[in-house]
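# Analysis of the macromolecular model
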Amino acid sequence: MKKEIPVTVLSGYLGAGKTSVLNHLLHNKQGHKIAVVVNDMSEINIDSAMVKQGGLVRSDEKLVELQNGCICCTLREDLIVELEQLSQLDLDYVLIESTGISEPIPVAQTFTYEADELDIDLRKHYKLDTMVTVVNAEQFWSDYYSGENLLERKQEAVPDDEREVSDLLIDQIEFANVILVNKIDLIPNEDLEKLKAALATFNPSARIIPIEHGKVDPDDVLNTSLFDFEDVSSSAGWIKELNEEHVPETEEYGISSFVYRSSKPFHPERFFKWLEQWPEEVVRSKGFFWLASRNDTIGLLSQAGKSLNVQGAGNWISTFSEAEQEELLAEDLQAKESWHPEFGDRKTELVFIGIKLNPATLINTLDKCLLTDEEIKEDWTLIPDPFPSFV
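In the annotation of an unreviewed UniProt entry, the entry for the protein reads GTP-binding protein, and the organism field reads Oceanobacillus kapialis. Per UniProt, the protein carries the Catalytic activity (unreviewed entry) text "GTP + H2O = GDP + phosphate + H(+)".

Below, the structure is given as structure tokens:
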């Protein structure tokens with residue numbers, strides 16, 4: 001039986017230095033036969049040109065160029081087909097450099113689910129070994145707090161691509177086994193330590209490795225056997241906080257996190273005003289909330305930098321039939337244990353990660369947004385609701 005070919009995926013926002021990392025790895029491949037897949041959004045594949053200029057395309061190597069699209073969406077089928085063809089070669093490893101605006105989860109799913117529409121199952125040939133994200137140490141906070149989306153930066157993957165830059169950055173960081181903090185020679189050591197502390201709070205499970213000019217030890221990103229889809233899907237700091245796996249605080253740099261919990265619903269007007277005055281010290285927040293005016297629907301809040309999104313996340317278990325509730329609660333023991341006799345599983349759990357947080361102050365101001373004991377007795381459907389429709 002043919003062995004599974006291990007794969008490392010390099011993610012990271014534009015300018016982080018993924019191609020430098022790729023070239024360094026290819027210069028230090030220690031005799032292994034490595035195929036390279038390079039994805040670039042431009043009509044001319046700049047990244048693959050840089051690889052070629054490095055003299056790295058030889059008879060024992062294979063370079064696949066996927067350009068003018070993104071492998072996490074428009075070129076995903078192309079990626080699957082190319083990988084199926086590469087699997088027929090005698091390879092020791094595959095390196096994929098995704099475009100700077102690519103989300104890592106769809107790329108990972110390429111190796112963990114069968115592509116039914118193509119009748120191709122890459123799991124027969126490949127083992128996703130390591131998800132790597134490269135971070136630009138000099139530019140990270142500037143991009144994170146830019147408040148810009150990809151369309152405004154003319155970096156869109158598809159027309160009207162309004163994904164926030166900060167959301168893309170956090171997606172790439174939270175879904176990673178290894179985070180390479182590149183260009184560390186361009187910032188003071190204190191700023192580097194603060195950035196590393198923040199990244200460790202965003203993703204406590206990832207290995208964080210500072211590097212210069214893309215020079216990383218190949219053993220840190222190749223054949224690590226670190227990737228497990230379930231593990232990496234729950235590696236984000238906010239998920240660990242919700243699961244009561246408290247992330248150690250890095251008090252030296254003022255970075256900490258906590259969970260706000262409440263078994264009362266938010267008053268929509270007061271909570272909306274609170275969100276409009278978002279505390280600057282909070283750099284990342286995510287979780288579920290209960291809004292009195294939308295009693296059946298779970299609210300999902302996600303914030304990264306200046307990007308703040310509120311949407312629906314399905315219905316509370318309490319809204320289902322008794323038979324369906326029993327079935328769902330059998331799978332969710334935590335919800336069963338915390339079940340309220342009147343309100344069921346409805347509750348608010350919001351994780352806040354920030355710099356110099358004052359949890360007591362945040363808790364106090366959020367508590368003031370909850371329904372009062374008198375308001376709980378009133379008709380909630382009559383409460384004015386300024387929130388846009390959940391989508």
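### Re the overall build of the protein
Helix and strand counts for the protein stand at 14 helices and twelve strands. Going through the 391 residues of the protein one by one, you find that 51% of them count as buried. Across the protein, contacts joining residues at least 24 apart in sequence account for 77% of those joining residues at least 6 apart. Total accessible area on the protein is roughly 18500 Å²; 47% of this is exposed by carbon and sulfur atoms.

### A word on the environment of N243
With respect to the element layout, N243 can be found in the loop between α9 (237–242) and β8 (255–262). Under the relative-accessibility criterion, N243 is labelled partly exposed at 41%. The spatial distance from the C-alpha of N243 to the C-alpha of Q334 is 9.6 Å, given a sequence separation of 91 residues.

### Description of the sheet that holds strand β11 (residues 307–315)
Strand order across the open sheet formed by five strands is β8-β12-β9-β10-β11, with antiparallel pairing between neighbours. Each edge of the sheet is formed by a strand with only one pairing partner; in this case those strands are β8 and β11. Each adjacent strand pair in this sheet contributes to an overall mean axis angle of 15°, direction not counted.

### A closer look at the packing of aromatic side chains
Overall, the coordinates contain 25 aromatic pairs when judged by the stated rule. Where F271 meets W274, the ring centres are 6.5 Å apart and the plane angle is 20°; that geometry is what we call stacked. Here F271 pairs with W274, and both are found in helix α10 (residues 268–276), just three residues apart, close to one helical turn. On the accessibility criterion, F271 (0% relative accessible area) is buried. What makes W274 buried here is its relative accessible area of 10%. Aromatic pair F272 and F387: ring centres 5.1 Å apart, planes at 85°, arrangement edge-to-face. Residue F272 is found in helix α10, and its partner F387 is found in the segment after α14 (373–376); the two are separated by 115 residues along the sequence. Residue classification places F272 among the partly exposed residues on the basis of a relative accessible area of 23%.

### Digging into the packing of helix α3 (residues 76–86) against helix α4 (residues 104–112)
Relative to each other, α3 and α4 sit at 40°, their axes nearing to 11 Å. With respect to the hand of their crossing, α3 and α4 are arranged in right-handed fashion. Across the interface between the two elements, R76, L79, I80 and L83 of α3 pack against P106, V107, Q109, T110 and F111 of α4.

### A closer look at the layout of surface pockets
In this approach, a probe sized like a water molecule rolls over the atoms, and the result shows the empty space that is left. Taken as a whole, the largest pocket spans an internal volume of roughly 520 Å³. For the largest pocket, the lining is made up of 23 residues, of which D167, I170, D171, K286 and S302 are closest to its centre. Elements with a contribution of two residues or more to the lining of the largest pocket: α4, α6 (165–174), α8 (229–233), α9, β9 (282–289), β10 (297–304) and β11. Looking at the lining of the largest pocket, the element that brings in the most residues is α6, giving five residues. Viewed by domain, the lining of the largest pocket spans two of them, domain 1 (5–235) and domain 2 (241–382), each represented by three or more residues. Lining the second largest pocket are 15 residues, with F288, D332, A335, K347 and E349 sitting closest to its centre. Sorting the residues of the lining of the second largest pocket by element identifies β11, α12 (333–337) and β12 (348–355) as the ones contributing at least two each. Across the lining of the second largest pocket, the residue classes tally to seven nonpolar, four polar and four charged.

### Some details on the side chain of T8
Relative to the helices and strands, T8 is located in strand β1 (residues 5–11). A distance of 2.7 Å separates polar atoms of two side chains, one belonging to T8 and the other to Y93. In this view, T8 contacts Y93, V94, L95, I96, D129, T130, V132, V221 and L222; residues no more than four positions away in its chain are not counted.

### As for the pattern of salt bridges
The tally for this structure, following the rule as stated, stands at 15 salt bridges. Among the salt bridges present, the one from D90 reaches K33, with a minimum N-O distance of 3.3 Å. Within this pair, whereas D90 is found in the loop between α3 and β4 (93–97), its partner K33 is found in the loop between α1 (18–27) and β2 (34–40), the two being separated by 57 residues in sequence. Assessed through its relative accessible area of 34%, K33 is described here as partly exposed. Across the salt bridge formed by E375 and R270, the nearest N and O atoms sit 2.7 Å from each other. Linking E375 in helix α14 with R270 in helix α10, this pair joins segments that are 105 residues apart in sequence. Ionic contacts of the salt-bridge type, sharing partners, join the residues D143, E148 and R153 into one network.

Thresholds applied
- Residues numbered from 1 in each chain as written.
- Predicted model: local features only at pLDDT ≥ 70, side-chain atom pairs only at ≥ 80, totals over all residues.
- Heavy atoms only, no water.
- UniProt positions renumbered as here; feature names shortened; annotations may be inferred.
- Helix = DSSP H or I, 4+ residues; strand = E, 2+ residues; numbered from the N terminus.
- Buried < 20%, exposed > 50% of the residue type's maximum accessible area, 1.4 Å probe, protein only.
- Contact = heavy atoms within 4.5 Å.
- Areas by Shrake-Rupley, 256 points an atom, 1.4 Å probe, with all protein chains shown as cover.
- Pairing = 2+ DSSP bridges.
- Axes fitted to C-alpha atoms, helices over the stretch in contact; angles between N-to-C directions.
- Phe/Tyr/Trp six-rings, centres within 6.5 Å; stacked < 30°, edge-to-face > 60°.
- Left-handed = near helix turned anticlockwise from the far one by under 90°.
- 1 Å grid on protein atoms, 1.4 Å probe; cavity = no way out; pocket = protein on both sides within 12 Å on 5 of 7 lines; lining within 4 Å.
- Points joined across faces, edges and corners; volume = space filled by probe spheres on them.
- Domains from an automatic or database assignment.
- Nonpolar A, V, L, I, M, F, W, Y, C, P; charged D, E, K, R; others polar.
- Polar contact = N/O pair within 3.5 Å; in protein donor to acceptor, adjacent residues only side chain to side chain.
- Salt bridge = Lys/Arg side-chain N within 4 Å of Asp/Glu carboxyl O.

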